[in-house]
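# Descriptive analysis of the structure
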Amino acid sequence: MRISLNWLRELVEIKLSPEELAETLTMAGFEVEDIEDRRTWANGVVVGKVLERQPHPNADKLSVCQVDIGAGETLNIVCGAANVKADIYVPIATTGTYLPNIDLKIKPAKLRGVPSQGMICSLKELGLPTDVDGIHIFTQENLPLGSDVRPLLGLDDVILDLTATANRADALSMVGVAREVAALTSGKLSIPEPGEVSISKNTGNLTLKIADTQACPAYIGTVIEQVKIAPSPEWLQQRLRAAGVRPISNVVDITNYVLLEWGQPLHAFDRDRLKSVASSENLTIGVRFANNGESLKTLDGQTRTLSNQNLLITANDRPVALAGVMGGEETEVHEGTQSLVLEAALFDSVAIRRSSRSAGLRSEASGRYERGVNRAELEIANRRALSLISELASGILVQQEIADTRPDPATWSRSIALRLDRVNQILGPIDLGEDTGELQGQDVERILTALGCQLTSSGEDSNHQPTWSVSVPPYRYRDLEREIDLIEEIARLYGYNRFCDTLPEKSEGGYLPLDEELIRKLRAFLRAEGLTELIHYSLVKPGEDRQIVLSNPLFAEYSALRNDLLSGLIDAFQYNLEQGNGSLNGFEIGQIFWREEDGLQETEALAGIMGGDRTVGKWSKSGREEPITWFEAKGTLESIFRQLALQVEFQPDCRDHRLHPGRTASLWIRGNRLGIFGQLHPQLRREKGLPDSVYVFQLDLDVLLESLGQDEILVPTFQPYSTYPASDRDIAFFAPVKISVSEIEKVITKAGKDLLESVELFDEYRGENVPQGQRSLAFRLVYRASDRTLTEAEVEPVHNKVREALVEKFGVNLRS
């Protein structure tokens, strides 16, 4: 909010400079984003009178003016404005004046051969908005020549651009800021108290009908006749411009002025236009929620289709305004308006927030209603507006109707118990220079009293510290609810910088949580295998089973939460191919969500996709790309598991319809399902135009991290290398295809026990001379001892035991 210091000084005594006041407000939680010193905009600009105007001898569009600025001799000034003439008072920038808004320093010059000793200024050149194309002409008569123009134009002012926190609805008004300044600086308040307004007849054809009293607890409608619409007086226009509001007419300007002064939105309807909309001389102003499909053309010229979330003001049930947001164009005040209906109302903050969002429209009024308008000062703001309309627009009040369902005024305040011991416990010691101390009872009483609270002593607590019952003023009712809120106010007004800084006695080195450290290590291993990390939105298209669908999505295309990572990776692979970037090797770590019978579930997953040629150069292959095979893709995963020291078992799986039923495996660790790995289903590949060799995997990150967190993995064990040679043996046999190599390796390892160092499959053959339904497998077994060279007599019994175990367990047909 833009705060004019000239206006603020009328409401509260200010003893500080603008810079000091800005610093004080910022330290108290009201950030001053900018200080606009308007006094510099027209420093050196004075009042002058044009005595004579002659056309320029060498230019048709220029004039040569003789100007008196009260300095003894007249100035010769060349002017290009079309509205310059004799006998007018104008602002004159004298020689040496600097105009910062147009970055111009006035110097003696010659224009088309005629000397010019200054410049006649327009309002734009002085930094003020205007619709007039030309120089500014003062409307006042007999102005003292040579006097400073700044008081006449409202440029003897400083504007503070102030931002209030969301809980401080009271600070969105000049009166609220004045109260805050008074509490911070002990300045005397001079808030205007409008007197009672007289209603000449109080009889008429206006009635009120409030359909939803919760959405509209109070509504005051006042009929005003014999209104004369005209421009506002200069003082009112200057205050509105300083606040960033464009003056329109006296009535509209008054409603905006009261909004800025008291924070209470008002709206003025043209009464005759209301009757025209209502098609009746008898007016019933109503407040109700809109029906779906109703429409209203608002003051910004847009016709809006309404929903049942929009709160409306109606005339005989016809929409005329969006309540608390914006008026309707059909009933706005115009130059020919002669009678008004002035609305002063309270609306529920939630109802206005929903209505504003539904209509896609925010305004100064809706911003205040959303934060909460002070219900105790509705009548004050209304009387202030009515007295100004009577004074500035000659209006006569003929009728006032009130619909009030607010609770009893006794409930507009609340009492909060406050303990001094708790205040000091929360805030800590205060800095007293060379010593420290604690806040005293008189400090607390002084601060809270300055905020408008009333304190009543309620004795002492068990530590013999005083306690109070604090009555909160109505304008802080929404903000001050608990004891901790009062403690925050004490700290804010006493000064955060006056409390002692307390640091930990001993600082310790930081460290990463175990899970984060393991995830970083996992990311590094995945990148080392040539996989690029990808990031996708958690929001996806709806339509999948067990998906969680949002009730208020921003876009229909992103209205559900993803229940796996594979779909996003497959789409990314397809997109890269279509963009000519080739096959994608990538991975992603992220949250997935799904719906169960017992509620909503969420976990973190790791997924990847592989399908591109991982070699760097193609020259050795004549430029041909060689996609990775199923075993190479599986080997990538196994390499990562090996670096993580994990024993992962692969088992055949065919449950995921997106994966090839004969080339898919589930992954297991110690009997816990880790995830899935496989090749994309041929039908899915054809639909998306993907190559044959595309492989994906998805792992449950919680299971993976739990396994990595085992002590035997976290704490590596030293195992010395044997210095003795190994003894190799090969074994070949026919085995049924349904028996997996991993099962065979388990039996071999168990039978070989301590002497067997490694088992490696080096050949598989199916075809001629191999029985139907079987395959030929060949393994190399390496035997080694750590303390001696093994002899034939030691190796052969163990090797025979392996052979016998294979025949006994699987019934293999040994070939060697």
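See the structure above.
So, a few notes on the structure that sits alongside this text. (Residues numbered from 1 in each chain as written. Predicted model: local features only at pLDDT ≥ 70, side-chain atom pairs only at ≥ 80, totals over all residues. Heavy atoms only, no water.)

To continue, consider the sheet that holds strand β23 (residues 396-404). Spatial strand order, β15-β22-β14-β23: 4 strands in an open sheet with antiparallel pairing. Sheet topology places β15 (266-270) and β23 at the edges, where each strand pairs with a single neighbour. Strand-to-strand, the axes of this sheet are offset by a mean angle of 20°, without reference to chain direction. Here β15 pairs with strand β22 (residues 340-346) via 5 bridges, running antiparallel. Residue pairing in the sheet places F269 in a bridge with V341 of β22. Along the sheet, helix α7 (residues 271-278) makes contact with β14 (218-225), β15 and β22, crossing β15 at roughly 70°. Contacts from helix α10 (residues 378-392) reach β14, β15, β22 and β23 within the one sheet, and its direction differs from that of β22 by about 160°. (Pairing = 2+ DSSP bridges. Helix = DSSP H or I, 4+ residues; strand = E, 2+ residues; numbered from the N terminus. Axes fitted to C-alpha atoms, helices over the stretch in contact; angles between N-to-C directions. Contact = heavy atoms within 4.5 Å.)

Moving on, we get to helix α13 (residues 483-494). Since the α-helix turns once every 3.6 residues, residues separated by three or four places project in the same direction. The end-to-end C-alpha distance of α13, which contains 12 residues, comes to 17 Å, matching closely the 16 Å that a straight helix rising 1.5 Å per residue would cover. Judged by how many residues are buried, α13 sits mostly within the fold: 10 of 12 residues are covered. At the exit of α13 stands G495, carrying a positive phi of roughly 115°. (Expected span 1.5 Å × (residues − 1). Buried < 20%, exposed > 50% of the residue type's maximum accessible area, 1.4 Å probe, protein only.)

Counting residues in hydrophobic clusters, the biggest one holds 117 residues, and the most contacted among them are L8, I313, F347 and L418. Per-element tally for this core: the top contributor is helix α4 (residues 174-185), with 8 residues. Those residues in contact with F347 that sit more than four places away from it in its chain are A215, C216, P217, V287, L311, I313, A323, G324, I352 and Y369. Counting residues in hydrophobic clusters, the runner-up holds 34 residues, among them M610, F697, V703 and L705. (Core = buried A, V, L, I, M, F, W, Y, C linked by side-chain atoms within 4.5 Å.)

So, on to the sheet that holds strand β32 (residues 560-561). Spatial strand order, β30-β32-β31: 3 strands in an open sheet with antiparallel pairing. Strands at the two margins of the open sheet, each flanked by one partner only, are β30 (539-540) and β31 (548-549).

This part takes up the packing of aromatic side chains. For the structure on display, the rule yields 10 aromatic pairs. Members of the aromatic cluster, connected to one another through ring pairs, are W630, F631, F650, F677 and Y695. One cation-aromatic arrangement involves R375 over Y477; the distance from NZ or CZ to the ring centre is 4.9 Å. Its end group placed over the ring of F762, R780 keeps NZ or CZ at 4.6 Å from the ring centre. (Phe/Tyr/Trp six-rings, centres within 6.5 Å; stacked < 30°, edge-to-face > 60°. Lys NZ or Arg CZ within 6 Å of the ring centre and 35° of its normal.)

Turning to the pattern of salt bridges, a few remarks are in order. Evaluated as defined, the whole model comprises 49 salt bridges. Its salt-bridge partner being E180, residue R168 comes within 2.9 Å of it at the nearest N-O pair. Here R168 is found in the loop between β12 (158-163) and α4, whereas its partner E180 is found in helix α4, with 12 residues between them in sequence. Overall, the relative accessible area of 3% leaves R168 in the buried class. For E180, a relative accessible area of 4% corresponds to the buried category. The salt bridge partner of R492 is E489, with a shortest N-O separation of 2.6 Å. Remark: E489 and R492 occur in helix α13; sequence separation between them is 3 residues, near one turn of the helix. For R492, a relative accessible area of 6% puts it in the buried group. (Salt bridge = Lys/Arg side-chain N within 4 Å of Asp/Glu carboxyl O.)

None of this, on its own, says anything about what the molecule does.
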